[in-house]
Amino acid sequence: MAEEESGTPHWLFGDQLGPHFVDPARGGPHRDAPLVMIEARSVFRRRRFHRAKAHLVLSAMRHRAAELGDRVRYVRADTYRQGLREAVGGGPVTVHHPTSHAALALVHALPSVRVLPARGFLVTHDDFRNWADDRGTKHLRQEDFYRWVRQTHDLLMEGDRPVGGRWNLDHDNRQPPPKGAPDLGVPAPYRPRESDIDAEVRSDLDRWEREGDAEFVGEDGPRGFPATRREALAALRRFVEHRLITFGAHEDAVLAGDATMSHSLLSSSLNLGLLDPAECVERAEARWRSGDVPLNSAEGFVRQIAGWREFVWHVYWYFGTQYRENNALRHHERLPDWFTELSPDATEANCLSHVLEQVRTTGWTHHIPRLMILGSFALQRGWEPRAVTDWFHRSFVDGYDWVMVPNVVGMSQYADGGRMTTKPYTSGGAYIDRMSDLCGPCRFKPSVRVGEDACPFTAGYWNLLHRHRDRFERNARMTQAVRGLDRLRDLDELLEQERERRD
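Residues numbered from 1 in each chain as written. Predicted model: local features only at pLDDT ≥ 70, side-chain atom pairs only at ≥ 80, totals over all residues. Heavy atoms only, no water.

### Some remarks on the side chain of D220
Then comes step 1: Along the polypeptide, D220 turns up in the loop between α8 (196-210) and α9 (229-243).
Then comes step 2: The exposure class assigned to D220 is buried, which follows from its relative accessible area of 17%.
Then comes step 3: Of note is the side chain of D220, whose polar atom sits 3.0 Å from the side chain of R51.
Then comes step 4: For D220, the side chain forms a polar contact with the side chain of H55, separated by 2.9 Å.
Then comes step 5: Here D220 is in contact with R51, A52, H55, R202 and L205, once residues within four sequence places are set aside. (Helix = DSSP H or I, 4+ residues; strand = E, 2+ residues; numbered from the N terminus. Buried < 20%, exposed > 50% of the residue type's maximum accessible area, 1.4 Å probe, protein only. Polar contact = N/O pair within 3.5 Å; in protein donor to acceptor, adjacent residues only side chain to side chain. Contact = heavy atoms within 4.5 Å.)

In structure tokens form, the structure reads like this:
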């Protein structure tokens, strides 16, 4: 039996690139098992990804193949099915649980493939299902899940209590940016150096575009994110040693001249499987326990990974394949071309233009521009949630189906009607003005809702509340905001203005 297992090839998807995916001690394949990797061109033919994302994924896969050497059979094929036939014929193969419904359906449809448990997360599918089922409700909340993970994994705990006496330090981590400061003044994040493999990838992408075999959006500048385990560890080390200390307080703030602030930029490395979440949160906790970083910074980072990232992963699987179809607000407007093309000059709203430019050139921006500028704008204008989800998936280097379906359908667009969040995440221009320096140079005024100077976010916010008043006034967290509609003397003018803008 041992010989049979040692000879069974193991298939690595392009987001299963770290050592924990081939570790026999962690449920991986036999240490002598041959490995298979498949680069399927159809992935890029079907969807129009950001060029930087395509580059990063291919670079990471090819770097991993180079590291594995003779142990791996790296196949470049038109489809996964074709590549698997070329690699192993009709013989048996194992694979760790894939990260999308489509990929799982594919491997289940192949009779020779045996699916091993998922890797790259702290909580197993079974453990989450038991936790969620025990709650006896259709609504799941990240805060409840996060506390359970902290307890079961002994993260930032003193016995059965959270260190410092509080589970949630969000209140300490919502400070606006320093007034008048162009940046936070923290050490820059880790940036990798490109290799010959990157040059090969860029040449291939150029050729595919010339031949009409693929089409991309955005720019492919020097690769800005790790493509190897070694690079990812260097990025993690730089963050915890030099940037985590200032992460907490301003994690929700935005500065035009400081795109990365104190953020870790580790999401793409985690989502490629180059880093394991356990090593990330454990290093952050160790820095706090050694007295090198404040608790609010360590807790904020642990919350992002052990709380939100884990929660999103499990919500994706727990709610099932139909979750992406949710559209509780019945939003059906199409995304405008200027948005899908990442054209910053097509909008006069400075915050929106600035963030689109950032996405166009890097394929990344941190969570507040994603949620409170890009996502909020889409929600206010009633864009179709599935199309918004697809746009986020394709346009970000760290975007994957499991990441974006819950984040966009559930949180950003409130399309699930509150199954995973307590309220829609949207605001008027006042929030953006308070938490960023983007409103000062803008031709629109965040305090103005009607007229030539009307901020599209401020007007859009009130228009959204009016459009869904019946639903929102039944939400305890939205009741006070909805009542504000009754104090607007210019509501009729605002609604007419927004109808004309939409038309």
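### Some thoughts on the sheet that holds strand β1 (residues 10-12)
Then comes step 1: Ordered in space as β3-β2-β1-β4-β5, the five strands form an open sheet in which the pairing is parallel. Since the sheet does not close on itself, it has two edges, and those belong to β3 (72-77) and β5 (113-116), each with one partner. Between one strand axis and the next, the sheet turns through 30° on average, direction left out of account.
Then comes step 2: One ladder, built from four bridges, connects strand β4 (residues 93-96) with β5; its direction is parallel. Within β5, the residue paired with T94 across the bridge is R114.
Then comes step 3: The strands that helix α4 (residues 80-88) touches are β1, β2 (35-40), β3, β4 and β5; relative to β3, the one it contacts most, it runs at about 140°. (Pairing = 2+ DSSP bridges. Axes fitted to C-alpha atoms, helices over the stretch in contact; angles between N-to-C directions.)

### Observations regarding the nonpolar core
Then comes step 1: Membership of the largest hydrophobic core comes to 131 residues, with the highest contact counts inside it found for W11, F301, L352, L374 and W391.
Then comes step 2: Top element by residues in this core is helix α12 (residues 295-319). It accounts for 13 residues.
Then comes step 3: Once you skip the residues sitting within four places of it in the chain, F301 turns out to touch F239, L244, F247, S264, L266, C280 and A284.
Then comes step 4: Counting residues in hydrophobic clusters, the runner-up holds 16 residues, among them L379, W462, L465 and L494. (Core = buried A, V, L, I, M, F, W, Y, C linked by side-chain atoms within 4.5 Å.)

### Quick word on the packing of helix α15 (residues 367-380) against helix α19 (residues 456-467)
Then comes step 1: Where α15 meets α19, the axes come as close as 9 Å, and the angle between the chain directions of the two elements is 45°. Taken together, the axis directions place α15 and α19 in an arrangement best described as oblique. Remark: the crossing between α15 and α19 carries left-handed chirality. Side by side, α15 and α19 meet where M372, I373, S376, F377, L379 and Q380 of the first sit next to P456, F457, G460, Y461, L464 and R467 of the second.
Then comes step 2: Across the contact of α15 with α19, the residue classes tally to eight nonpolar, three polar and one charged. (Parallel < 35°, antiparallel > 145°, perpendicular 65-115°, else oblique. Left-handed = near helix turned anticlockwise from the far one by under 90°. Nonpolar A, V, L, I, M, F, W, Y, C, P; charged D, E, K, R; others polar.)

### A word on the packing of aromatic side chains
Here a ring pair, both rings aromatic, is described through the centre-centre distance and the interplanar angle of the planes.
Then comes step 1: For the structure shown, the criterion picks out 35 aromatic pairs.
Then comes step 2: Among the aromatic residues, ring-to-ring pairing joins F128, W131, F145, W148, W308, F311, Y318, F319 and Y323 into one connected group.
Then comes step 3: Seen from the ring of F377, R381 lies directly overhead, with NZ or CZ sitting 4.0 Å from the centre.
Then comes step 4: One Lys or Arg, K423, reaches over the ring of Y425 and ends 5.9 Å from the middle of that ring. (Phe/Tyr/Trp six-rings, centres within 6.5 Å; stacked < 30°, edge-to-face > 60°. Lys NZ or Arg CZ within 6 Å of the ring centre and 35° of its normal.)

### Re the environment of R501
Then comes step 1: As for its position among the elements, R501 is in helix α22 (residues 491-502).
Then comes step 2: Look at R501 and you get partly exposed, because its relative accessible area is 35%.
Then comes step 3: Sequence separation between R501 and P456 is 45 residues; the distance between their C-alpha atoms is 9.3 Å.
Then comes step 4: Those residues within four positions of R501 in sequence are excluded, and the remaining contacts are R381, F444, A454, C455, P456 and A459.
Then comes step 5: Reaching out from R501, the side chain makes a polar contact with the backbone oxygen of A454 at a distance of 3.0 Å.

### A short note on α4
Then comes step 1: Of the positions making up α4, those classed as buried are G83, L84, A87 and V88. Buried residues of α4, seen end-on, are gathered within an arc of 100° and therefore sit on one face of the element.
Then comes step 2: Residues of α4 that are buried in the fold lie against β1, β2, β3, β4 and β5.
Then comes step 3: Backbone geometry just downstream of α4 places G89 in the positive-phi region, at approximately 65°. (Arc of directions from axis to C-beta.)

### Some details on the pattern of salt bridges
Then comes step 1: All chains considered together, the criterion is met by 47 salt bridges.
Then comes step 2: Here D78 makes a salt bridge to R45, at a shortest N to O gap of 2.8 Å. Linking D78 in the loop between β3 and α4 with R45 in helix α2 (residues 42-46), this pair joins segments that are 33 residues apart in sequence.
Then comes step 3: Under the relative-accessibility criterion, R45 is labelled partly exposed at 38%.
Then comes step 4: Across the pair D144 and R135 runs a salt bridge, and its minimum N-O distance is 2.9 Å.
Then comes step 5: Look at R135 and you get partly exposed, because its relative accessible area is 35%. (Salt bridge = Lys/Arg side-chain N within 4 Å of Asp/Glu carboxyl O.)

Without other data, these values stay purely geometric and don't point to any function.
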